[in-house]
2 protein chains.
Amino acid sequence: MEVSPLRQVRKEKEAKKTKWVLKLKFGVTWKAIKKASSSTMKLNRFHLTCASSMKQLSLVRVQAEEAVKPIQQAHAKKKASHHVTKSLLSLLQLPYTASDFIDWGDLMTPTKSPKENRSTKWREIHGLHSWDNLLDPLHPWLRREIIKYGEFAQATYDGFDFDPLSEFCGSCRYNRHKLFEELGLTNHGYKFERSHLGQTWSKDSNWMGYVAVSNDEESESIGKRDIVMAWRGTISPTEWFTDLKAILERIGDGKIKVQHGFRSIYKSKSEFTRYNKLSASEQVMEEVNRLIKFYKEKGEEISFTITGHSLGGALALLNAYEASTSIPGLPISVISFGAPRVGNLAFKEKLDEIGVKTLRIVVKQDIVPKFSGFICNNILHKLNFVTKKFNWVYRHVGSQLKLDMFMSPYLKRESDLIGSHNLEIYLHLLDGFLGKQRKFRWNAQRDVALVNKTIDMLIEELRIPKFWYQLPYKGLVLNKHGRWVKPCREPEDVPSPLSVVSENELH
Amino acid sequence: MEVSPLRQVRKEKEAKKTKWVLKLKFGVTWKAIKKASSSTMKLNRFHLTCASSMKQLSLVRVQAEEAVKPIQQAHAKKKASHHVTKSLLSLLQLPYTASDFIDWGDLMTPTKSPKENRSTKWREIHGLHSWDNLLDPLHPWLRREIIKYGEFAQATYDGFDFDPLSEFCGSCRYNRHKLFEELGLTNHGYKFERSHLGQTWSKDSNWMGYVAVSNDEESESIGKRDIVMAWRGTISPTEWFTDLKAILERIGDGKIKVQHGFRSIYKSKSEFTRYNKLSASEQVMEEVNRLIKFYKEKGEEISFTITGHSLGGALALLNAYEASTSIPGLPISVISFGAPRVGNLAFKEKLDEIGVKTLRIVVKQDIVPKFSGFICNNILHKLNFVTKKFNWVYRHVGSQLKLDMFMSPYLKRESDLIGSHNLEIYLHLLDGFLGKQRKFRWNAQRDVALVNKTIDMLIEELRIPKFWYQLPYKGLVLNKHGRWVKPCREPEDVPSPLSVVSENELH
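Note that the structure is a prediction, hence the values are computed from the model and not measured.

**Student:** Is there a simple way to think about the overall build of chain A in this case?
**Tutor:** Looking only at helices and strands, chain A features 17 helices and 13 strands. Split into buried and exposed, the 507 residues of chain A put 55% on the buried side. Long-range pairs, those at least 24 residues apart, make up 69% of the contacts in chain A with a sequence separation of at least 6. With an accessible surface of roughly 22600 Å², chain A has 59% of that area assigned to carbon and sulfur atoms.

**Student:** So what exactly am I meant to see when it comes to unusual backbone geometry here?
**Tutor:** Most peptide bonds are trans, and most residues other than glycine sit at a negative phi. All names here are of chain A. The omega torsion of the bond from Asp136 to Pro137 falls at 0°, within 30 degrees of zero and hence cis. Relative to the helices and strands, Pro137 is located in the loop between helix H5 (122-125) and helix H6 (140-158). A positive phi is found at Ser130, a non-glycine position, where the angle reads about 55°. The topology assignment puts Ser130 in the loop between H5 and H6. The class of Ser130 is partly exposed, set by a relative accessible area of 26%. Unusually for a residue other than glycine, Tyr473 sits at a positive phi of about 50°.

**Student:** What is the right way to look at helix H6 (residues 140-158) of chain B in this model?
**Tutor:** Residues lying three or four places apart along an α-helix face the same way, a consequence of the helix completing one turn every 3.6 residues. Taking 1.5 Å of rise per residue, 19 residues should cover 27 Å, and H6(B) covers 26 Å from first to last C-alpha, within 8% of that figure. With 18 of 19 residues buried, H6(B) is to be regarded as a mostly interior element.

**Student:** What is the right way to look at helix H10 (residues 260-267) of chain B in this model?
**Tutor:** Residue and element names in this part refer to chain B. Considered for burial, the residues of H10 that qualify are Gly261, Phe262 and Tyr266. The buried residues of H10 occupy an angular sector of 130° when projected down its axis, which confines them to one face. Looking at where H10 begins, the residue whose side-chain oxygen comes 3.1 Å from the main-chain nitrogen of Phe262 is Gln259.

**Student:** What am I meant to see in the nonpolar core here?
**Tutor:** Among soluble globular proteins, nonpolar side chains are generally buried collectively. Core analysis: the largest hydrophobic core is formed by 65 residues, its most contacted members being A:Ile146, A:Tyr210 and A:Leu430. Element by element, the count of residues in this core is highest for H6(A), at 9 residues. The residues contacting A:Leu430, other than those within four sequence positions of it, are A:Leu138, A:Arg143, A:Ile146, A:Ile147, A:Phe337, A:Ile361, A:Leu401 and A:Leu403. Judged by nonpolar contacts, the second largest core, of 64 residues, contains B:Leu134, B:Tyr157, B:Ala230 and B:Leu430.

**Student:** Would you take a moment to explain the environment of B:Phe406 for this structure?
**Tutor:** With respect to the helices and strands, B:Phe406 occurs in the loop between strand S11 (399-403) and helix H16 (417-421). Counting along the chain gives 176 residues from B:Phe406 to B:Ala230, while the straight-line C-alpha distance between them is 28 Å.

**Student:** Please explain the pairing of strand S9 (residues 357-363) of chain A as it appears in this structure.
**Tutor:** A regular strand carries its side chains on alternate faces of the sheet. Residues and elements named next belong to chain A. By the criterion of burial, S9 is predominantly enclosed, with 6 of the 7 residues buried. As defined by bridge partners, strand S7 (residues 332-337) adjoins S9 across 5 bridges and the pair is classed as parallel. Looking at S9, one finds that Ile335 is bridged to Leu359. Relative to strand S11 (residues 399-403), S9 runs parallel, the two sharing 5 bridges. Bridge assignment links Leu359 to a residue of S11, and that residue is Ser399.

**Student:** I keep staring at the pattern of salt bridges and nothing clicks. Help me out?
**Tutor:** Pairs may arise between side chains of opposite charge once their charged atoms sit close together. Residue and element names in this part refer to chain A. Tallied over the full model, the rule gives 45 salt bridges over all chains. With a shortest N-O distance of 3.9 Å, Asp226 and Lys224 are connected by a salt bridge. For the pair formed by Asp226 and Lys224, the shared burial category is buried. Of the charged contacts in the structure, one is a salt bridge between Arg446 and Glu424, with a shortest N-O distance of 3.1 Å. In this pair, Arg446 sits in the loop between helix H17 (423-432) and strand S12 (477-478) while Glu424 sits in helix H17, placing the two residues 22 residues apart along the sequence. With respect to class, Arg446 is no different from Glu424; both count as buried. Here the salt bridges share partners, and the residues they tie into one network are Glu151, Asp158, Glu424, Arg446 and Lys453.

**Student:** Please explain the packing of aromatic side chains as it appears in this structure.
**Tutor:** Both the distance between ring centres and the angle between the ring planes are used here to describe each pair of aromatic rings. Under the counting rule described, the total for this entry stands at 30 aromatic pairs over all chains. One cation-aromatic arrangement involves A:Lys453 over A:Tyr469; the distance from NZ or CZ to the ring centre is 4.9 Å.

**Student:** Hey, could you run me through the packing of helix H11 (residues 280-297) of chain A against helix H12 (residues 311-326) of chain A in this one?
**Tutor:** If you want to describe how two helices pack, look at the angle between their axes and the distance between the axes. Residues and elements named next belong to chain A. Two numbers describe how H11 lies on H12: the axes approach to 11 Å, and their chain directions differ by 45°. Between H11 and H12, the interaxial angle falls into the category oblique. Regarding H11 and H12, the two cross each other, and that crossing is right-handed. When H11 is examined against H12, the residues Ser281, Val284 and Met285 are found in contact with a partner set consisting of Asn319, Glu322, Ala323 and Ser326. In terms of residue class, the contact of H11 with H12 is made up of 3 nonpolar, 3 polar and 1 charged.

**Student:** I would appreciate a short explanation of the side chain of A:Ser324 in the present structure.
**Tutor:** Position of A:Ser324 among the secondary structure elements: in helix H12. Reaching out from A:Ser324, the side chain makes a polar contact with the backbone oxygen of A:Tyr321 at a distance of 2.8 Å.

**Student:** In this structure, what is going on with the confidence of the model for chain A? I would like to understand it.
**Tutor:** All names here are of chain A. This prediction gives chain A a mean pLDDT of 73; 65% of its residues lie at or above 70. The weakest mean pLDDT in chain A belongs to helix H3 (residues 40-51) at 30; the strongest belongs to S7 at 97. Residue range residues 81-92 is modelled with pLDDT below 50. Its contacts to residues more than four positions away, or to other chains, number 15 contacts. Confidence estimates for the predicted assembly give a pTM of 0.72 and an ipTM of 0.73.

**Student:** Please clarify how the environment of A:Gly338 should be interpreted in this entry.
**Tutor:** All names here are of chain A. Relative to the helices and strands, Gly338 resides in the loop between S7 and strand S8 (343-344). Along the chain, Gly338 and Gly308 lie 30 residues apart, while their C-alpha atoms are 8.8 Å from each other. Not counting residues up to four positions away in its chain, the partners in contact with Gly338 are Ser310, Ile361, Asp366, Val368, Pro369, His421 and Tyr426.

**Student:** Looking at this model, I keep getting lost on the packing of H10(B) against helix H12 (residues 311-326) of chain B. Mind explaining?
**Tutor:** Residue and element names in this part refer to chain B. Packing of H10 against H12 leaves a shortest axis separation of 10 Å and a crossing angle of 70°. Taken together, the axes of H10 and H12 are roughly perpendicular relative to one another. Here H10 runs over H12; the crossing is right-handed. Here H10 contributes Phe262, Arg263, Ile265, Tyr266 and Lys267 to the contact with H12, which in turn contributes Leu311, Ala314, Leu315, Leu318, Asn319 and Glu322.

**Student:** I tried to follow the pairing of S7(A) on my own but got confused; where do I start?
**Tutor:** Residues and elements named next belong to chain A. Summarising burial for S7: 6 of the 6 residues are buried, a large majority. Here S7 shows no split at all, with Ile332, Val334 and Ser336 on one side and Ser333, Ile335 and Phe337 on the other all buried. Both strand S6 (residues 302-309) and S7 contribute to a ladder of 6 bridges, which runs parallel. Residue pairing across strands places His309 opposite Phe337, the latter belonging to S7. Once the chain exits S6 it traverses H12 before rejoining the sheet at S7, and the crossover so formed is right-handed.

**Student:** Is there a simple way to explain the environment of B:Asp100 in this structure?
**Tutor:** Within the fold, B:Asp100 resides in the loop between helix H4 (54-92) and helix H5 (122-125). B:Asp100 gets classed as partly exposed once you look at its relative accessible area, which sits at 22%.

Definitions and limits used
- Residues numbered from 1 in each chain as written.
- Chains lettered and ligands numbered in written order.
- Predicted model: local features only at pLDDT ≥ 70, side-chain atom pairs only at ≥ 80, totals over all residues.
- Heavy atoms only, no water.
- Helix = DSSP H or I, 4+ residues; strand = E, 2+ residues; numbered from the N terminus.
- Buried < 20%, exposed > 50% of the residue type's maximum accessible area, 1.4 Å probe, protein only.
- Contact = heavy atoms within 4.5 Å.
- Areas by Shrake-Rupley, 256 points an atom, 1.4 Å probe, with all protein chains shown as cover.
- Expected span 1.5 Å × (residues − 1).
- Arc of directions from axis to C-beta.
- Polar contact = N/O pair within 3.5 Å; in protein donor to acceptor, adjacent residues only side chain to side chain.
- Core = buried A, V, L, I, M, F, W, Y, C linked by side-chain atoms within 4.5 Å.
- Pairing = 2+ DSSP bridges.
- Salt bridge = Lys/Arg side-chain N within 4 Å of Asp/Glu carboxyl O.
- Phe/Tyr/Trp six-rings, centres within 6.5 Å; stacked < 30°, edge-to-face > 60°.
- Lys NZ or Arg CZ within 6 Å of the ring centre and 35° of its normal.
- Axes fitted to C-alpha atoms, helices over the stretch in contact; angles between N-to-C directions.
- Parallel < 35°, antiparallel > 145°, perpendicular 65-115°, else oblique.
- Left-handed = near helix turned anticlockwise from the far one by under 90°.
- Nonpolar A, V, L, I, M, F, W, Y, C, P; charged D, E, K, R; others polar.
- pLDDT = per-residue confidence, 0-100.
- Right-handed = clockwise from strand over helix to strand, strands pointing away.

Structure (C-alpha cells):
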C-alpha cells in the first residue's frame, strides 16, 4: 500500500511508542510477548497496539499466530479464564462469575455431579418418615431426587407449545420418544411412557403432563421401579383466574372438600367434544394401573411419585388422593413446587391417614403457595386454635421445605413476585440449599444460566441474557432456497392418537 | 391393554361412526382412504378419527404409514400446500399466504429470480441520465440493482453486535472473510474488501461499514468492476440526538455547507485516543484509492457505488462529495434509503456539477427523510421561490423514488413511524414496486418474512413471528457438559488490526 512519507514517519514513531507501551503493560520484550501471547486477551491487545505500524503487521502477525495457535485452545483459555475468574471473584465474592459462562471447552465443569447409589435409603428419601432429619441440613441424596422431579415438572413447560401462531399451540412439541432427549433429561434414566392429553389434544384441550418410569439402571440405583407423573402448571393469567375461584367442593365422604377450580381441571371431560371423552384423571389412572400391573407381575418394588409446579402441584395432590384410595398399599409421594392450597383439613387428614407423603417446596417470596382461601385464611390466622376444625378453611398438607431467594448470591435483590414463582428459581435455590442457617452451597453445580430462561432474575455481573429460552428465530428456519420458513412438524410430533401406547408396544 | 366391556362397546360404536365420518368427509371407502392419505392434513384427521378404536389402531397405523411414507415428502405436501394456499388465497386475495411460510422442501420457490446480463445498460442503471424513464415504471434490472445495494446496507445492521452484554458490542460479529457468507449475501457476487473501524474498534468507536468489490463473474454481468461502500445507519436514539443537531457547517469553498452532526461522524478522529487515529473518511478513501489503482492498472472500467440507510445515507453523500472531488472522472453514484437531508443548496449544486448521481429511495410514511432543518424547511416551504438561494436551507439532492407502505397487501395498515423507517420495509416495497399507479408486483419473490426481522409490521394472517431475528438463545449455546455458555469468539472475529488488509494479501 502506498503511504505518504509524512504518515510513514508518524507510523514509525507510533511503532516505537507501541513497543514501549507493551513493555510497560506486560513488562516483557518483543520476543517474550510472542511467547506470552498465550492468553487470548493479551493477544488481542497485543495486535491492537502493534497495528499502527502497517509495515510490521504481516510479519508480527504470522509470528504471533504461530506462537499462539498450539496453546490457545486449552492452556491459554485456562489461564485466561482462571485469571478473569479470580479477579472477578475477589470483586463479587461469588463461586461463579461471567467468565464461567464463556465456553472453555474441556475445562468446563459438568452441570451435575456423579450419581451415587441411593438404593439403601430409598424409603426414607421417598418420605417414609415424612423426611424427618433429611431437610435441615438437606440430605444430598434427597436434594438430587427433589431436583430430578423438579426437572420433570420443568419439562412440561419446556416441551409445551406456547406459540399462539402455531397451529398446535397448547400441545407438546415433541412426541414421547423424543421429549426427554430434546430437553436433555435422558441422564435421569427414565423413559417417557405416555403423554397425557396428547391423545386428546385439540384446540380446546391443552397438554397437561406425562407419565415416565425409571429404567433398569436408574431403578437399581434408587432401589425401586419409580413411576412418575409430572403435571404441567398454569401458564396464562386466564388459567389462574379459573384456579382462583376458591370454592370448596365435596369429594369422597362428607367432610372432605377440595377447591372447585383445580378439581374441574383434573376431572373435566365431555361426551360432546370429540377429543375430551377421557378426563386427565382417567388417562393417568389407566396408564398408572397398566404400569403397576406390569411391574407387579415381575415382582418388583414399585413407587409412585407425583410432581408438579404451581397448578401442577395442586393437580398432583388430587392425583395422589385418587391413586391412594384406588390402589391400596402403593407407596405414593408428592413433590410439589410453589403449589397453592388445595383442600380443607379433612382432605389433609385423609391424605395423612392413607399414608400419602407430601413434600412441599416453597419459596418464601412466592405468593402462590398462599393462594386458595387466601383472604379467609389470613383473617382467621389468629383464631387458628378456634378454626382449625372448620371444613371451610384451606390447609397445606405434608412437610415443607422453605427456600429464600435472598440466599442466592446470583439473584437480583429486588423481589419480583412473578420471578419468585418461577420453577427454575426453585431448582436453583434447591441446588444451593444446605440448611436454614447455612450459606448458599459453594460447590452447587447446576447451570445458573437456566434461571434466566424465561425471567430476568440473575445479577448483571453474570452477563446472562434475560428471557433467552425460545425457539431459535422464533421457530423460523432458513431453507436451501434462502427462504425463512416454519419447518413442517414431523408426523409423529403432530398431536394425535399416534402418541397412545398400542398393544404391541407394551413391554 | 385391559378395557372394560362397557367401554369396549362404546369404542366399537365409535369406530363405526368413524368410518361413516370418513366416508362423509372424503367420500371414499376405507381402502381408498389409505391411498388418499397422501395428504398430511388428511392423514392426521384420519388417524384422529380412527383412534377411538384401540383395537384397530396398530393395524390401521402400519397400513396407513406404509401407504403414506413414499409420497408424503413431495407429492402430498404439494397437494396440501396447493390446497391450503388456494383456499386462503381466495380468502385474502394475496399472492402469498401463511402456507407459503411452511417448509414444503423442493416445492418452495427460491427467494430471487435468475440473474440476467445487465452489462449493456450499466451506465443508465448507474445513473448516467439520472434514471430518467427507469423509475416509473421501475425497470426490473434497476430494481434488482437497488435491492442488491439495499441488502449490502442491511448487512451493516445484521452483522452488527448490538448486544450490550457482549464485550464486543459495537463491533462487526464476523470477520471480512465470513460476513457475506454468514448473512447469505454471497449470491450477489461481491467480495468483502475491508471492514471499516474494524481496525479501530474500541469501546468508544463503532463499526461503521465496509468496502466490497464485484468479482469477475458479477463484473461481467453488470458490465464494470463495481466498488461498493456500505455505511451503517443509526441504531440508538442517542445517535439520533447527535444527528439532529442541525447546525450547518462550511466545507470546501465558501457557500457549501453540510450538517455538523453527520460531518463529525464522518470526519472525527483523535490523536489522543488509541484506536481513533484514522477517521472513517480517511479509511474509506485509502481503501477505495487502493482498489481503483489496482483495477485501473488492469485497464478495467470501474464504478463506485455508495449506499446506506438513514444516517448511513447521509454519510454516503459526504463520502460521495469527498470521492468525487479527490478522484476526478470516477463514475460515482449514491443509492440511499430513508436518508435525511445533509447539506444546503450549494452542496446539492456542487454534487450535480461534479456529476455525482444520487437515487434517494424514500417511504412516504417515513419521517426521517424530512429530518435536518425539519422545522425551518417546513416554515419556509411556501416562500420557496424566495428562499431557494439561501445557504441555510437544507436541500435533498438527486432523483427520488417514492414508495408507499399502503401499496403492499402484506403490511399492517396502522402507520408505524419506526416501522416505516426500517430498511427491510424499504426492500420489501421495492420488490413489489412496478410504478406509482400500479399494484404491488404479484410475482415479487423476495422473502416476505424478512419484514418482521426486527419489527412487527406483517399482517396477522401470514402468521410470521414479530422481532424474530436474533441470535438463537440470545447467543447462548448448550455445550457437551449440558451447560449454557457463550461461545468464545474466534480469534479472527475479534475486532483487531487482523481485519486490516496486509501487504501480502493485496491482489
